[in-house]
Amino acid sequence: QVQLVESGGGSVQAGDSLRVSCTASGGTFSTYAMGWFRAASGEEREFVASISRSGNTGYYADSVKGRFTITREDAKNTGTLQMDSLKIEDTAVYYCAADREHHGIQSRSYMYQYWGQGTQVTVSS
């Protein structure tokens, strides 16, 4: 089974950009659809973005559409979430997830079988 490790979180100011990455090991990365979720302190995990196995299709939460971009590079077993025009409300722990069992791409967390440990993104004014 695949193991996922996030990196690239940090503290930035509102309006800045940040990129978080997810590196996979122990599986064939191209066979997994990928997703990013986030959880603000004291709140439930919410969907951010997902990408198909081919990398041709991305799906975004309305709150990040036009500001975030999800990509994947299977040759490097890596998925990336580029976050631009960050807002204070984007502050959260960001998790990557992988789904091998379902067709298409998913926005519900229970559709994903594998999760990383999360990386903190803090946006201040």
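Our structure is the block above this text.
We now turn to the structure provided with this report.

About the criteria used
Residues numbered from 1 in each chain as written. Predicted model: local features only at pLDDT ≥ 70, side-chain atom pairs only at ≥ 80, totals over all residues. Heavy atoms only, no water. Core = buried A, V, L, I, M, F, W, Y, C linked by side-chain atoms within 4.5 Å. Buried < 20%, exposed > 50% of the residue type's maximum accessible area, 1.4 Å probe, protein only. Helix = DSSP H or I, 4+ residues; strand = E, 2+ residues; numbered from the N terminus. Polar contact = N/O pair within 3.5 Å; in protein donor to acceptor, adjacent residues only side chain to side chain. Contact = heavy atoms within 4.5 Å. Disulfide = S-S within 2.5 Å.

### So, the nonpolar core
Phase 1: By size, the foremost hydrophobic cluster in this structure holds 34 residues, and its most contacted members are Leu4, Trp36, Val48, Phe68, Leu81, Met83 and Tyr94.
Phase 2: For this core, the secondary structure elements donating two or more residues are strand 3 (18-25), strand 4 (33-39), strand 5 (46-51), strand 7 (68-73), strand 8 (78-83), strand 9 (92-99) and strand 11 (119-124).
Phase 3: No other element matches strand 9, which puts five residues into this core.

### What about the side chain of Gln106?
Phase 1: Among the structural elements, Gln106 can be located in the loop between strand 9 and strand 10 (114-115).
Phase 2: Judged by its relative accessible area of 14%, Gln106 is buried.
Phase 3: A distance of 2.8 Å separates a polar side-chain atom of Gln106 from the backbone oxygen of His103.
Phase 4: Contact partners of Gln106, with chain neighbours within four places excluded, come to Phe47, Ser50, Asp99, Met111 and Tyr112.

### A word on the environment of Ser125
Phase 1: Looking at the secondary structure, you find Ser125 in the segment after strand 11.
Phase 2: When its relative accessible area of 75% is taken as the criterion, Ser125 is described as exposed.
Phase 3: Remark: the alpha-carbon pair of Ser125 and Gln13, spanning 112 residues in sequence, is separated by 5.6 Å.
Phase 4: Setting aside chain neighbours within four positions, we find Ser125 in contact with Gln13 and Ile88.

### What about the state of the cysteines?
Phase 1: For the structure on display, the rule yields one disulfide.
Phase 2: Residue pairing for Cys22: its cysteine sulfur links by disulfide to Cys96, the two sulfurs lying 2.0 Å apart. Between Cys22 and Cys96 the sulfur-sulfur dihedral comes to about 55°; the bridge is accordingly right-handed. Within this pair, whereas Cys22 is found in strand 3, its partner Cys96 is found in strand 9, the two being separated by 74 residues in sequence. As far as the burial class goes, Cys22 and Cys96 line up, both buried.

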